[in-house]
Amino acid sequence: RLHLVTLLWRAFDRPEPTNPHNFADTPADSALAWAFENGLVVGTGDNQFDPDRPATRAEWLTVLWRATCLPSTDGINPFIDVVDPWQNGPVLWGATNKITIGTSPTTFEPNRPVTRGEAITLLWRSIVPSKHT
């Protein structure tokens, strides 16, 4: 999880956070402080971030959705396995904007850990091009 936050922070040209983060299980880290300060990430409870736990596909897409200012999308989610309400907006945004095509035409596998390759691809399709337009 911390590695992905660092990738995003670097894509945004390493902005300096105003305040440190408050996660007890993660040492001082500018990337995490910036992401938390901007509402891009939340903890896992009890002041923990769980930095070494793999992020899921839905979690990573949610962080990217938040980083693009929570764009709204109309329509029906094409993935039958996206059932948690918090996943719907980000995954629908990703599908509608061709950021993700899912793992099949009808599945997204939201709870599967995101691979590094998937993480970079989703980052590139969602964040990096918008910075250069």
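Attention in this report is confined to the structure presented alongside it. The structure presented is a predicted model; accordingly, all values stated were derived computationally and were not measured. (Residues numbered from 1 in each chain as written. Predicted model: local features only at pLDDT ≥ 70, side-chain atom pairs only at ≥ 80, totals over all residues. Heavy atoms only, no water.)

**With respect to the packing of helix H1 (residues 2-11) against helix H5 (residues 116-126)**
In step 1: Two elements in contact, H1 and H5, have axes whose closest approach is 11 Å; the angle formed by their N-to-C orientations is 30°. With respect to H5, the axis of H1 lies roughly parallel. As H1 packs across H5, the resulting crossing turns out to be right-handed. On H5, the residues that touch His3, Leu4, Leu7, Leu8 and Ala11 of H1 are Arg116, Ala119, Ile120 and Leu123.
In step 2: Split by residue class, the contact of H1 with H5 holds 7 nonpolar, 1 polar and 1 charged. (Axes fitted to C-alpha atoms, helices over the stretch in contact; angles between N-to-C directions. Helix = DSSP H or I, 4+ residues; strand = E, 2+ residues; numbered from the N terminus. Parallel < 35°, antiparallel > 145°, perpendicular 65-115°, else oblique. Left-handed = near helix turned anticlockwise from the far one by under 90°. Contact = heavy atoms within 4.5 Å. Nonpolar A, V, L, I, M, F, W, Y, C, P; charged D, E, K, R; others polar.)

**Quick word on helix H4 (residues 85-96)**
Note on helix geometry: an α-helix contains 3.6 residues per turn, so any two residues three or four positions apart are oriented the same way.
In step 1: End to end, H4 covers 17 Å across 12 residues, agreeing with the expected 16 Å (1.5 Å per residue, within 8%).
In step 2: Burial in H4 covers these residues: Gln87, Pro90, Val91, Leu92, Trp93, Gly94 and Ala95.
In step 3: Looking at the packing, one finds that the buried side of H4 touches helix H3 (57-67) and H5.
In step 4: Count one or two residues on from H4 and you reach Lys98, which has phi positive near 60°. (Expected span 1.5 Å × (residues − 1). Buried < 20%, exposed > 50% of the residue type's maximum accessible area, 1.4 Å probe, protein only.)

**What about unusual backbone geometry?**
In step 1: The backbone of Asn47 shows a phi angle near 60°, a positive value even though the residue is not glycine.
In step 2: For Lys98, which is not a glycine, the phi torsion comes out positive at approximately 60°.
In step 3: With respect to the element layout, Lys98 can be found in the loop between H4 and H5.

Remember, this is a structural readout, not a statement about activity or role.
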